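# A structural walkthrough
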Amino acid sequence: MGLKKGDEYLKSIKSLGLKAHVLGEKAENLPEHGLVEPAQKAVAFTYDAAQDKETRDLFCVESALCKDVVNRFSHLHQSTDDLVNKVKMQRYCGIQTGCCFQRCVGLDAANAIFSTTYECDQKHATDYHERFKDYWRWIQQDDLVVDGAMTDPKGDRSKRPIEQSDPDLFLRIKEQRPDGIIISGAKLHQTGMLNSHEILIMPTLTMRPGEEPWAVCCAVPTNARGIHYIYGRQSSDTRKLETYHLDVGNPVYGGQEVMTVFDDVYVPNERVFMNGEVDFSGVLVERFASYHRQSYGGCKTEVGDVLIGATALIAKMNGVDKASHINDKIVEMIHLNETIYACGIACSTTGEQTSAGNFQVNMLLANVCKLNVTRFPYELARLATDVAGGLLGTMPAAAELEDPLAGKYIQKYLSANTQYKTVDRMKVLRLIENLVVGAGAVGYLIESMHGAGPPAAQRIMIRRQAQIEEKIDQVKAFLSIK
Ligand SMILES: Cc1cc2nc3c(=O)[nH]c(=O)nc-3n(C[C@H](O)[C@H](O)[C@H](O)COP(=O)(O)OP(=O)(O)OC[C@H]3O[C@@H](n4cnc5c(N)ncnc54)[C@H](O)[C@@H]3O)c2cc1C
């Protein structure tokens, strides 16, 4: 098949005929829905960038699996350079789209499943790895988008899957058949689900003996029978449906999260990559989470770049750009943002080869990266709000500009540095609003906190990876303590 162009990707998604519940209605023509279209355009950008002669060296890479040139968003990393290039590519996508471009979760899932299935086969004499290779070869050759589905609803957090009032609160294998399995449950918060061709399902936590039905990893097409989609709301999302796009903030692109229900979905054996091997569920979760925590070193810094650029511009527009405290705040934003990026690069350059042959990030540094992401974007948002001024929360609607009376007053009283048009100042304020409290804040702030797991999950991994006992022994040796 070869690499698709953005419009070919959009056609291929349309041909799936996906339907979803959106804003209380059953939406049939999703690609034309005002909420969905910006999210699909953001994914289409990742296809066009692979065609663009300026960026194709970063986006295209030869696959060790299919021996062909593939989009890096479906690549199994073959070196630490590949890991670094992934982060660079993510940063580039974000500065161009100003939002989540949704294609990383499937990439991170694939790399984690590739190495986990290999090790599982060694121990249990299963054949998941070859199955997965066949599957992923097809994904690469057809240049498809894959949703990475890990997060279960989880019900009462103090209870194990088996103790929940409803066993479907963790997605499970409901029935074993000679030719496949039937799965039942849901995955919440699914990024870019309705812009994907396929779904890779993984367990949400380390399963224990007795919890075999919940230790499941498999792939299904997004248009498989029995799957239902319920669209996630974002703050100010209906502005995308209004006539005046200035109020949206991000003029072209947007993110997407979807609640996805699997109501007795059949999965044939060739698409099953874990079926009850509880001892590998935790390995898969940790590896996926670490790749995804690395991803934020690229994708959150790029949105940070947009916010920093918008903040520096609004400072000029407001006439405060020469003030030393404003400059300090912008430098602080850059410092925090580049610290996140540095962690993304560091966990990539110190990554290591797995026994399956692909490369895994340095788990300690990937978790440090994500723990910083749970804090720094909030501080960037605070500083941007400080610099932008109160209009961020009180500015009249763009539609008022058309009104002879209101429009005249807005032009007069919202004018600041006369080198800039009032309408341009409004655009910048709306972009900042989008990122700090609007639809963009879902990706920039809430996802920074919870995506790839909440902060406590990173702290556990940091504690586990930090080799504290070794450090204690080193100090004892240094001080001659027996
Ligand atoms: C914008 C966005 C995009 C996302 N995209 C995806 C995606 O594409 N694919 C995907 O699979 N997931 C996705 N996620 C889900 C994300 O991984 C989860 O939100 C995250 O793992 C936290 O889970 P939760 O939301 O259920 O919160 P909870 O797990 O309920 O966490 C809430 C708080 O409770 C604490 N807590 C939870 N359980 C316990 C416990 N047993 N004991 C003590 N404390 C506990 C946590 O530490 C946290 O402080 C996305 C999330 C967001 C916000």
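Worth saying up front: this structure is predicted, and the values here are computed from it rather than measured.

## Some words on the packing of helix α10 (residues 376–388) against helix α14 (residues 440–450)
One way to put it is that α10 packs onto α14 with a least axis distance of 9 Å and a crossing angle of 155 degrees. Between α10 and α14, the angle is such that the two are roughly antiparallel. Judged by the sense of rotation from one axis to the other, the crossing of α10 with α14 is left-handed. Contacts from P377, Y378, L380 and A381 in α10 reach Y444, L445, I446, S448 and M449 in α14. Here the residues of the contact of α10 with α14 sort into eight nonpolar, one polar and no charged.

## As for the domain arrangement of the protein
Along its sequence, the protein is organised into domain 1 (6–277) and domain 2 (282–473). On the domain 2 side, the residues contacting the 51 residues of domain 1 number 51 residues. Of the roughly 4,200 Å² buried where domain 1 meets domain 2, counting both sides, 64% is carbon and sulfur surface. At the junction of domain 1 with domain 2, the criterion picks out five salt bridges. Put simply, D305 and R91 hold a salt bridge, and the shortest N to O gap is 2.8 Å.

## Quick look at a nonpolar patch on the surface
There is a patch of nonpolar side chains on the surface, built from V475, F478, L479 and I481 and spanning about 440 Å² of accessible area. Among the residues examined, F478 registers a relative accessible area of 70% and is labelled exposed.

## Considering the sheet that holds strand β9 (residues 216–221)
By definition, the strands of a sheet pair up through backbone hydrogen bonds, in either a parallel or an antiparallel sense. Spatial strand order, β5-β8-β9-β12: four strands in an open sheet with mixed pairing. Bordering the open sheet on either side are β5 (146–149) and β12 (272–275), each of which pairs with just one other strand. The mean angle between the axes of side-by-side strands here comes to 20 degrees, regardless of whether they run parallel or antiparallel. Alignment of β5 against strand β8 (residues 198–201), held across four bridges, turns out to be parallel. If you follow A149 over to β8, its bridge partner there is I201. Helix α5 (residues 104–124) contacts β5, β8, β9 and β12 of the sheet and is inclined by roughly 70 degrees relative to β5.

Thresholds, definitions, all that
Residues numbered from 1 in each chain as written. Predicted model: local features only at pLDDT ≥ 70, side-chain atom pairs only at ≥ 80, totals over all residues. Heavy atoms only, no water. Axes fitted to C-alpha atoms, helices over the stretch in contact; angles between N-to-C directions. Helix = DSSP H or I, 4+ residues; strand = E, 2+ residues; numbered from the N terminus. Parallel < 35°, antiparallel > 145°, perpendicular 65-115°, else oblique. Left-handed = near helix turned anticlockwise from the far one by under 90°. Contact = heavy atoms within 4.5 Å. Nonpolar A, V, L, I, M, F, W, Y, C, P; charged D, E, K, R; others polar. Domains from an automatic or database assignment. Buried area = accessible area lost by both parts, 1.4 Å probe. Salt bridge = Lys/Arg side-chain N within 4 Å of Asp/Glu carboxyl O. Patch = residues over 30% accessible without salt bridge, like charges linked within 9 Å, V, L, I, M, F, W, Y side chains within 5 Å. Areas by Shrake-Rupley, 256 points an atom, 1.4 Å probe, with all protein chains shown as cover. Buried < 20%, exposed > 50% of the residue type's maximum accessible area, 1.4 Å probe, protein only. Pairing = 2+ DSSP bridges.

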